[in-house]
Amino acid sequence: MKTYIAPSILSANFGNLQQEVEMINKSDADWFHVDVMDGVFVPNISFGMPVIKAIKKHAEKTLDVHLMIVNPDKFIKDFKDAGADILTVHYEACTHLHRTVQAIKATGMKAGVSLNPHTPIAVLEDIIKDLDLVLIMSVNPGFGGQKFIENTYKKIAQLKKLIEYSGSKALIEVDGGVTDKNIQKLASKGVNAFVAGSFVFKSKNPSETISTLKKLVSE
Ligand code: DX5
Ligand code: ZN
């Protein structure tokens, strides 16, 4: 099974953003995970288009953009223009999720849907075949550096079953509290893509930490 390591830029040093992007380019990372927060859907504000464009200018890998915003439909084209390759919206923020997913795909981006820790997998039953990716939040969205929620394992197993049963090609991504201690168990449950923020950027040698994570989930 192919696995993807996606360092979360939210924990990077914004004073040296270009250097951080170049470190990821050279590392064993597969994607850039880019967290957009609006202060409404989540109790925090991160960054928007100018910063994404700055990352894109130097990034040589997939931009995996995670929107923690209300009304994402309004900005789909802007995120495409800013350089997003994968655009993930929250189930809890989209009244007309099917329309939103189709609109993302129409731009040529891959479409992802994210679930908060309390949202059951079953809500994806009628959309799973349309999705390129499902992002399971293993912390409550809004901040880096939080503790991994153990109930996530159960949800991943349920999602894996739903994907197999429906014939969906969606990748499973997990976001929040991922470390060298839980990444292998997550992989064994069927996770394809692993977001890691503070564990990578607060470590002494982020590039080495990325390699460590990658090795733990490579066959
Ligand atoms: C949280 C964000 C995450 C965050 C993960 O709302 O979606 O991507 O950066 O950070 P860590 O890995 O520190 O939990
Ligand atoms: Zn995220």
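In this text the structure is predicted, and so the values were computed from the model without any measurement.

1. Topic: the packing of aromatic side chains
Consideration 1: Summed over all chains, the structure comprises three aromatic pairs.
Consideration 2: Relative to Trp-31, the ring of Tyr-4 has its centre 4.6 Å away and its plane inclined at 25°; by these criteria the two rings are stacked. Within this pair, whereas Tyr-4 is found in strand 1 (residues 4-7), its partner Trp-31 is found in strand 2 (residues 31-37), the two being separated by 27 residues in sequence.
Consideration 3: When its relative accessible area of 17% is taken as the criterion, Tyr-4 is described as buried.
Consideration 4: Ring geometry for Phe-148 versus Tyr-153: centroids 5.2 Å apart, planes at 50°, classification tilted.
Consideration 5: Taking the relative accessible area as the measure of exposure, Tyr-153 reaches 10% and is therefore buried.
Consideration 6: Above the plane of the ring of Tyr-4 lies Lys-2, whose end atom (NZ or CZ) is 4.7 Å from the centre.

2. Thoughts on the site of ligand 1
Consideration 1: Neighbouring ligand 1 are 20 residues, the closest being Asp-35, Gly-142, Gly-145, Asp-175 and Ser-198.
Consideration 2: Within the backbone of Gly-145, an N or O atom sits 2.7 Å from an oxygen atom of ligand 1.
Consideration 3: Within the backbone of Gly-197, an N or O atom sits 2.8 Å from an oxygen atom of ligand 1.
Consideration 4: When ligand 1 is considered free in solution it has 380 Å² of accessible area, and contact with the protein chains removes 99% of it.
Consideration 5: Spatially, ligand 1 is embedded in the largest pocket.
Consideration 6: At the level of secondary structure, the elements contributing two or more residues to the shell around ligand 1 comprise strand 2, strand 3 (62-68) and strand 8 (193-196).
Consideration 7: Considering each element in turn, the shell around ligand 1 owes the most residues, three residues, to strand 2.

So, how was this worked out
Residues numbered from 1 in each chain as written. Chains lettered and ligands numbered in written order. Predicted model: local features only at pLDDT ≥ 70, side-chain atom pairs only at ≥ 80, totals over all residues. Heavy atoms only, no water. Phe/Tyr/Trp six-rings, centres within 6.5 Å; stacked < 30°, edge-to-face > 60°. Helix = DSSP H or I, 4+ residues; strand = E, 2+ residues; numbered from the N terminus. Buried < 20%, exposed > 50% of the residue type's maximum accessible area, 1.4 Å probe, protein only. Lys NZ or Arg CZ within 6 Å of the ring centre and 35° of its normal. Near = heavy atom within 4 Å. Polar contact = N/O pair within 3.5 Å; in protein donor to acceptor, adjacent residues only side chain to side chain. Areas by Shrake-Rupley, 256 points an atom, 1.4 Å probe, with all protein chains shown as cover. 1 Å grid on protein atoms, 1.4 Å probe; cavity = no way out; pocket = protein on both sides within 12 Å on 5 of 7 lines; lining within 4 Å. Sits in = over half its atoms within 2 Å of the grid points.

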